[in-house]
Amino acid sequence: MIFIISGPGGVGKGTVVTRLLDHVPDLGLSRSWTTRPRRPGEAEDAYVFVDRDRFDAHRRAGGFLEWNELPSNGQLYGTPVPGSDHPGDLLLEIELNGARQVKERHPDAVMIFVLPPSRQALEDRLRGRGDDEESVVRRLRLGAHEMDVGPGLADHVVVNDDVDQAAARVADIIRGRRDGRSRSGA
Ligand code: 5GP
């Protein structure tokens, strides 16, 4: 089964995902490719960091399950087609456009959209990252659009008011879906 965690940038998807991986067994996090440069202090394996030529070559070869150019920074991001060696269920942490593509290719994928407790809370978080004003404004604009559209496309919506509680709610959703699958014999 494919589980997608989506939501506006700055909502805390990454922290929710880290908690999930600690608490939910048999969940494999997909490692995305990106053309964005690695941030100072960011783990080397946070993404497969590539230049545009390599990204394009991989895309042309059909190597991505989905990909998107993020309007807020102009960088490419893509989920590699999962290998058959992937143990357990697959977890994707991607923005809304990519999530929509995965749902088109895999209608049985489960999309969980994470919302901030308020727009102000999202703005505070984005500003707290120390990015420049222009990129904060661009991300807020994109985030506002995602929050308008995302809940209507998602199978579940979770508000990240407290990260432990949000992760616990997502874990419950995953367990519920897995129970449903074993009951239906799929
Ligand atoms: P960041 O540059 O802050 O790591 O990520 C920017 C946005 O890209 C986040 O919303 C993140 O969820 C999204 N993202 C990360 N990997 C992928 C991917 O493989 N595909 C898509 N469509 N979005 C991704």
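A short tour of the structure in this document, coming up. The structure displayed is predicted, hence computed values, not measured ones.

**Some details on the packing of helix α1 (residues 13–23) against helix α6 (residues 163–184)**
Thinking step 1. Orientation of α1 relative to α6, taken along the N-to-C sense of each, is 60 degrees, at an axis distance of 9 Å. As the angle between them shows, α1 and α6 are arranged oblique. Here the hand of the crossing between α1 and α6 comes out right-handed. Of α6, the residues touching α1 (which contributes T15, V16, R19 and L20) are V163, D164, A166, A167, V170, A171 and I174.
Thinking step 2. A per-class count over the contact of α1 with α6 returns 8 nonpolar, 1 polar and 2 charged.

**Thoughts on the packing of aromatic side chains**
Thinking step 1. Across all of its chains, the model carries 5 aromatic pairs by this definition.
Thinking step 2. Ring centres of Y47 and F49 lie 5.7 Å apart, and the angle between their planes is 65 degrees; this geometry places the pair in the edge-to-face category.
Thinking step 3. Members of the aromatic cluster, each reached through a chain of ring pairs, are W33, F55, F64 and W67.

**As for helix α5 (residues 133–153)**
Thinking step 1. Under the 1.5 Å per step criterion, the end-to-end length of α5 is 30 Å for 21 residues, consistent within 8% with the ideal 30 Å.
Thinking step 2. Along its length, α5 reaches its greatest deviation from straightness, about 30 degrees, at M147, and the proline P151 lies no more than four positions downstream.
Thinking step 3. If you check which residues of α5 are buried, you get S135, V136, L140, L142, G143, E146, M147 and G150.
Thinking step 4. Contact partners of the buried residues in α5: α3 (96–105), β8 (110–115) and α4 (119–128).

**A look at the environment of T15**
Thinking step 1. Counting through the fold element by element, T15 comes out in helix α1.
Thinking step 2. Since its relative accessible area comes to 33%, T15 is described here as partly exposed.
Thinking step 3. As a C-alpha pair, T15 and D162 span 147 residues in sequence and 11 Å in three-dimensional space.

**As for the pattern of salt bridges**
Thinking step 1. The final tally for this structure, using the stated rule, is 13 salt bridges.
Thinking step 2. A salt bridge links R59 to D56, with the nearest nitrogen and oxygen atoms 3.3 Å apart. Taken together, the positions of R59 and D56, both in helix α2 (residues 52–60) and 3 residues apart, correspond to about one turn of that helix.
Thinking step 3. Of the residues examined, R59 reaches a relative accessible area of 30% and is grouped as partly exposed.
Thinking step 4. For the salt bridge of R178 with D89, the shortest nitrogen-to-oxygen distance reads 2.7 Å. With R178 in helix α6 and D89 in strand β7 (residues 89–93), the pair connects residues that are 89 residues apart, well separated along the chain.
Thinking step 5. For R178, a relative accessible area of 15% gives the class buried.
Thinking step 6. A relative accessible area of 4% places D89 in the buried class.
Thinking step 7. Taken together, the shared-partner salt bridges connect D89, R178 and R181 into one network.

**Quick look at the environment of D164**
Thinking step 1. Examined against the element boundaries, D164 turns out to sit in helix α6.
Thinking step 2. The exposure class of D164 is partly exposed, given its relative accessible area of 45%.
Thinking step 3. On a C-alpha basis, the gap between D164 and P25 in space is 17 Å, while along the polypeptide they are 139 residues apart.
Thinking step 4. Within polar-contact distance, the side chain of D164 engages the side chain of R19 at 2.6 Å.

What counts and what doesn't
- Residues numbered from 1 in each chain as written.
- Predicted model: local features only at pLDDT ≥ 70, side-chain atom pairs only at ≥ 80, totals over all residues.
- Heavy atoms only, no water.
- Axes fitted to C-alpha atoms, helices over the stretch in contact; angles between N-to-C directions.
- Helix = DSSP H or I, 4+ residues; strand = E, 2+ residues; numbered from the N terminus.
- Parallel < 35°, antiparallel > 145°, perpendicular 65-115°, else oblique.
- Left-handed = near helix turned anticlockwise from the far one by under 90°.
- Contact = heavy atoms within 4.5 Å.
- Nonpolar A, V, L, I, M, F, W, Y, C, P; charged D, E, K, R; others polar.
- Phe/Tyr/Trp six-rings, centres within 6.5 Å; stacked < 30°, edge-to-face > 60°.
- Expected span 1.5 Å × (residues − 1).
- Bend = angle between axes of the 7 residues up to and from the residue.
- Buried < 20%, exposed > 50% of the residue type's maximum accessible area, 1.4 Å probe, protein only.
- Salt bridge = Lys/Arg side-chain N within 4 Å of Asp/Glu carboxyl O.
- Polar contact = N/O pair within 3.5 Å; in protein donor to acceptor, adjacent residues only side chain to side chain.

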